[in-house]
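Each chain is listed here by its residues.
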Amino acid sequence: MICGIRKTESIRRAMDILEHGIGSIAVMLEGNTHLCRMDQIYYVESVDKRTYVYTKDQCFESKSRIYELEEELDSNFLRCAKAMIVNLRKIRSVKSEYNGRMLAQLLNGETIVVSRSYVKDLKRRLGI
């Protein structure tokens, strides 16, 4: 049993994960709604006021805005740019660039850019 002063949305999500397993979010593909498990998500990106959720080999669209997904996703996710959130468990390697940014290579071979303002938090979360 989980006890608390009040049941916030974060506590509700944690309880749901504990009771039902890994969390998921609703995404769209070709007009159909799917539930995408959080552990399958590599990164989330906002482009031209649309939000896209990328898995190993597929790209889904989400009706949620990126800041809404940031609140919904679990602690394995980190904002790495104004318009991008990355799953830390999907990062294979990181490399510093001369301008203070970092490049993160993901397990699926894609490379994403980590903005300067998010590099410090990424290093802290990765323990480097």
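Provided above is the structure to which this section pertains.
Note that the structure is a prediction, hence the values are computed from the model and not measured.

Taken in spatial order, the three strands make up an open sheet running β8-β9-β10, and their pairing is antiparallel. Each edge of the sheet is formed by a strand with only one pairing partner; in this case those strands are β8 (91-96) and β10 (111-114). The average angle at which neighbouring strand axes cross in this sheet is 25 degrees, direction not considered. Pairing of strand β9 (residues 102-106) with β10, which is carried by four bridges, proceeds in the antiparallel orientation. Residue pairing for β10: leucine 103 is matched across the bridge by valine 113. Across the sheet, helix α3 (residues 116-126) is in contact with β8, β9 and β10; its angle to β10 comes to roughly 110 degrees.

Moving on, we get to unusual backbone geometry. A positive phi angle, close to 55 degrees, is found at glutamate 30, a residue other than glycine. Of note in this structure, lysine 49 is not a glycine but carries a positive phi near 60 degrees. Relative to the helices and strands, lysine 49 resides in the loop between β3 (43-47) and β4 (50-54). When its relative accessible area of 80% is taken as the criterion, lysine 49 is described as exposed.

In this structure, tyrosine 43 sits in strand β3. By relative accessible area, which is 5% here, tyrosine 43 ends up buried. When the C-alpha positions of tyrosine 43 and isoleucine 112 are compared, they lie 9.1 Å apart, and in sequence the two are 69 residues distant. Filtering out sequence-adjacent residues up to four positions away, tyrosine 43 remains in contact with Tyr52, Val53, Tyr54, Met84, Ile85, Val86, Leu106, Glu110 and Ile112. One polar contact links tyrosine 43 to glutamate 110, side chain to side chain, over a distance of 2.6 Å.

What follows deals with the pairing of strand β2 (residues 32-37). One face of the sheet, then the other: side chains in a regular strand alternate in exactly this way. Both strand β1 (residues 24-29) and β2 contribute to a ladder of six bridges, which runs antiparallel. Bridging from a neighbouring strand, valine 27 pairs with histidine 34 of β2. Linking two consecutive strands that pair antiparallel, namely β1 and β2, is a turn of two residues; a positive phi of about 55 degrees is found at glutamate 30 within it.

Tallied over the entire structure, the rule returns five salt bridges. A salt bridge links arginine 37 to aspartate 39, with the shortest nitrogen-to-oxygen separation between them at 2.6 Å. Given the relative accessible area of 39%, arginine 37 is considered partly exposed. Aspartate 121 is the salt-bridge partner of arginine 124, the closest N and O atoms lying 2.5 Å from each other. Here arginine 124 pairs with aspartate 121, and both are found in helix α3, just three residues apart, close to one helical turn.

The rules behind the values
- Residue numbers here run from 1 along each chain, matching the order of that chain's written sequence.
- With pLDDT at 70 or above as the cut-off, local features in this predicted model cover only qualifying residues; side-chain atom pairs require 80 or more to be listed or tallied, and sums for whole chains, interfaces and linings still use all residues.
- To obtain the side-chain values, all non-hydrogen atoms of the structure were used and water was disregarded.
- For two strands to be treated as a pair, DSSP must find no fewer than two bridges joining them.
- Working definition: helices are DSSP H or I runs of at least four residues, strands are E runs of at least two. Numbering for both runs from the N terminus.
- Axis lines are fitted to C-alpha atoms, over the contacting stretch for helices. Their N-to-C directions set the angle, which ranges from 0 to 180 degrees.
- Contacts between residues were defined by any pair of non-hydrogen atoms, one from each residue, lying within 4.5 Å.
- Per-residue accessibility, obtained with a 1.4 Å probe over protein chains only, is compared with the maximum for each type, and a residue is labelled buried under 20%, exposed over 50%, and partly exposed between these values.
- Any pair of nitrogen or oxygen atoms within 3.5 Å is treated as a polar contact; in protein, a donor-acceptor pairing is required on top of that, and neighbouring residues in sequence qualify only through side-chain atoms on both sides.
- Salt bridges are defined as contacts in which a side-chain nitrogen from Lys or Arg sits within 4 Å of a carboxyl oxygen from Asp or Glu.

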